[in-house]
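Architecture at a glance
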Amino acid sequence: MWKYNDDGVFIDTGPEGIFWVLFNMVPGLGIRRMMSLRRFFGTLRQAWEAPASQLRMTPGIPDKVIDNIIEHRSTVEIDRELDRARNAGARIVTLDSPSYPANLKHIHDPPPVLYIIGDLSQRDDAACAIVGTRRASPYGEGVAFRFARDLSSSGITIVSGMALGIDSAAHKGALAAGGRTVAVLGSGVDVVYPPENHDLYKEIALKGAVLSEFPMGTLPQRGNFPCRNRIISGLALACLVVEARDRSGALVTCGFAAEQGRPVFAVPGDIRRPQAAGPNKLIRDGASPALDIEEIRETIEAEVGRVLRPAGPQSRTSDTKMIEKPSGPSASMGLSGNQKLILDVLEYEPMTRDEIIERTGANASDVASVLIDLELSGIIRSLPGDSFMRHEEDPFQRS
């Protein structure tokens, strides 16, 4: 499927591979104008080598864009681009190559070139996008983690944008299940953004794929992210938004999904919280409320025409009645009666110590002792305001 070119870079063996890369480095061009050039000149190579006077005869391309092509033909450093791709371990896939992702190929404006670090294959066609706000609540991160984990355990690849908040939780959920996840960047594939996600980036590249349409070294500028969002939705067969404010990039992704004919699901939220405004608005406007993974899984299975298989023997299922013992110290010691009592009332929303005492009827000293034990075991987490919640990676599920 892949072959080295003379510079040792993995470039897919579709026709005119290097000219796709060259034109992709011209600002303001895009796939529609690239296709106009190819139709007018017969090949991208002939278009790249054509005299300026002939380029200006191409229908539908503004003079400013033609000026960009002329300027970049003399200044683009293709050897440097290929060097950077090789050094990053990136493969380059072009639109007319057989390994270009099938889901993405048929959207309105597919990216002409993809830079890929990791492994992207046909099995990733059965994919769900999970998106949401960077300023997620602990509850939202927990929900994103669990949806991603359970969908991934069903054999579904999770696609997101590697941003902080919901995106990161979704990638982590898929990785926790031993499944596959794909991160789409709004920067060059060799630029880790946000930098806090450097370790997550490395793990995704190792166990899934990190990809971008932007040339190597591209910085994460604001205008790149709407472009990135159409790829997230385009790679997937369904789109789930967990938390998002009323004006949010996650809603842009859902808009692209709807335009691309992908079903949109949304996790309903507390109307008092700004992070719930986006999902609640989507549901009001016709998105399916996401209460569990079943409808999403069935939707994706119907699209791919087969029953999806779990990721592996250790994968989790969406059965909410499953109870598993935790890893770490609590695995060997089990749970005491008071620990079970507190976990029965402790939600994935923050709950104050006084609320826990009131709901359990336990005395304050017992509650304090149990909360410390559960936190040290990694089952719950403490929050500002003397509040507590189940950890987003909590191995217990309520019966």
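Residues numbered from 1 in each chain as written. Predicted model: local features only at pLDDT ≥ 70, side-chain atom pairs only at ≥ 80, totals over all residues. Heavy atoms only, no water.

The secondary structure content of the protein chain amounts to 18 helices and 14 strands. In the protein chain, which comprises 399 residues, the share counted as buried stands at 53%. Considering only residue pairs separated by 6 or more positions, the protein chain has 70% of its internal contacts joining residues 24 or more positions apart. In the structure as shown, the protein chain presents an accessible area of about 18300 Å², 50% of it carried by carbon and sulfur atoms. (Helix = DSSP H or I, 4+ residues; strand = E, 2+ residues; numbered from the N terminus. Buried < 20%, exposed > 50% of the residue type's maximum accessible area, 1.4 Å probe, protein only. Contact = heavy atoms within 4.5 Å. Areas by Shrake-Rupley, 256 points an atom, 1.4 Å probe, with all protein chains shown as cover.)

Core analysis: the biggest nonpolar cluster contains 73 residues, and Phe-23, Leu-37 and Leu-211 have the highest contact counts within it. For Phe-23, the contacting residues outside a window of four places in its chain are Leu-29, Met-34, Leu-37, Leu-44, Ala-47, Trp-48 and Ile-69. (Core = buried A, V, L, I, M, F, W, Y, C linked by side-chain atoms within 4.5 Å.)

Bringing the packing of aromatic side chains into the picture now. Applying the stated rule across the entire model yields 3 aromatic pairs. Between Phe-23 and Trp-48, the ring centres sit 5.0 Å apart and the planes meet at 90 degrees, which makes this aromatic pair edge-to-face. Taken together, the residues Phe-23 in helix H1 (residues 17-24) and Trp-48 in helix H3 (residues 44-49) connect sequence positions 25 residues apart. Its relative accessible area of 10% is what places Trp-48 among the buried residues. Note on Phe-40 and Phe-41: the rings are 5.0 Å apart at their centroids and 85 degrees apart in plane angle, and the pair reads as edge-to-face. Its guanidinium or amino end placed over the ring of Phe-225, Arg-134 lies 5.6 Å from that ring's centre, counting from NZ or CZ. (Phe/Tyr/Trp six-rings, centres within 6.5 Å; stacked < 30°, edge-to-face > 60°. Lys NZ or Arg CZ within 6 Å of the ring centre and 35° of its normal.)

For the rest of this paragraph, the subject is the sheet that holds strand S14 (residues 387-390). In space, the 3 strands of this open sheet follow the order S12-S14-S13, with antiparallel pairing throughout. Lying at the two open borders of the sheet, with one neighbouring strand each, are strand S12 (351-352) and strand S13 (380-383). Here 2 bridges tie S12 to S14, and the two strands are oriented antiparallel to one another. For Thr-352, the partnering residue across the bridge sits in S14 and is Ser-387. (Pairing = 2+ DSSP bridges.)

So, about the confidence of the model for the protein chain. Of all residues in the protein chain, 87% attain a pLDDT of 70 or more, and the chain-wide mean is 85. Confidence over residues 312-333 falls short of pLDDT 50; this stretch has 35 contacts with residues more than four positions distant or in other chains. Below a pLDDT of 50 lies the segment residues 393-399, which in the model reaches 28 contacts outside its immediate sequence neighbourhood of four places, other chains included. (pLDDT = per-residue confidence, 0-100.)

Tallied over the full model, the rule gives 20 salt bridges. With its nearest N and O atoms 4.0 Å apart, the salt bridge here joins Asp-199 to Lys-202. Taken together, the positions of Asp-199 and Lys-202, both in helix H10 (residues 198-207) and 3 residues apart, correspond to about one turn of that helix. Take Asp-199: its relative accessible area is 57%, and that puts it in the exposed class. The shortest N-O distance in the salt bridge between Asp-285 and Arg-284 comes to 3.1 Å. Taking relative accessible area as the criterion, Arg-284 reaches 63% and is therefore assigned exposed. A cluster of three or more residues bridged by salt bridges with shared partners is formed by Asp-119, Arg-123, Asp-124 and Arg-180. (Salt bridge = Lys/Arg side-chain N within 4 Å of Asp/Glu carboxyl O.)

Another point: the packing of helix H8 (residues 138-153) against helix H9 (residues 166-176). Running from N to C, H8 and H9 cross one another at 35 degrees; their axes reach a closest spacing of 7 Å. Two packed elements cross with a definite hand, and for H8 against H9 that hand is right-handed. Each of Gly-140, Glu-141, Ala-144, Phe-145, Ala-148, Arg-149 and Ser-152 in H8 lies in contact with H9, whose residues at this interface are Ile-166, Ala-169, Ala-170, Lys-172, Gly-173, Ala-174 and Ala-176. In terms of residue class, the contact of H8 with H9 is made up of 8 nonpolar, 3 polar and 3 charged. (Axes fitted to C-alpha atoms, helices over the stretch in contact; angles between N-to-C directions. Left-handed = near helix turned anticlockwise from the far one by under 90°. Nonpolar A, V, L, I, M, F, W, Y, C, P; charged D, E, K, R; others polar.)

Let us now look at the pairing of strand S6 (residues 157-160). Side-chain alternation along S6 places Thr-157 and Val-159 on one buried face and Ile-158 and Ser-160 on a second face that is also buried. Of the strand pairs in this sheet, strand S5 (residues 127-131) and S6 are connected by 3 bridges, and their pairing is parallel. Across the sheet, the residue bridging to Ala-127 is Thr-157, located in S6. Handedness of the S5-H8-S6 crossover: right-handed. In the sheet, S6 pairs with strand S7 (residues 181-184) via 3 bridges, with the strands oriented parallel. Across the sheet, residue Ser-160 finds its bridge partner in S7, namely Ala-183. Read from S6 through H9 to S7, the crossover connection turns out right-handed. (Right-handed = clockwise from strand over helix to strand, strands pointing away.)

On to helix H5 (residues 63-75). With 13 residues, H5 extends 18 Å between its outermost C-alpha atoms, agreeing within 8% with the 18 Å of an ideal straight helix rising 1.5 Å per residue. Turning to H5, its buried residues are Val-65, Ile-66, Asn-68, Ile-69 and His-72. For H5, the angular spread of the buried residues around the axis is 155 degrees, confining them to a single face. Exposed residues on H5 whose side chains face more than 90 degrees from its buried face are Lys-64 and Ser-74. Elements that come into contact with the buried residues of H5 comprise H1, helix H2 (30-41), H3 and helix H4 (52-55). (Expected span 1.5 Å × (residues − 1). Arc of directions from axis to C-beta.)

It is worth spelling out unusual backbone geometry at this point. Here the bond from Tyr-193 into Pro-194 is cis, since omega is -5 degrees, no more than 30 degrees from zero. By secondary structure assignment, the location of Pro-194 is in the loop between S7 and H10. Even without glycine at this site, Met-162 takes up a positive phi of about 60 degrees. Within the element layout of this structure, Met-162 appears in the loop between S6 and H9. The class for Met-162 is buried, based on a relative accessible area of 0%.

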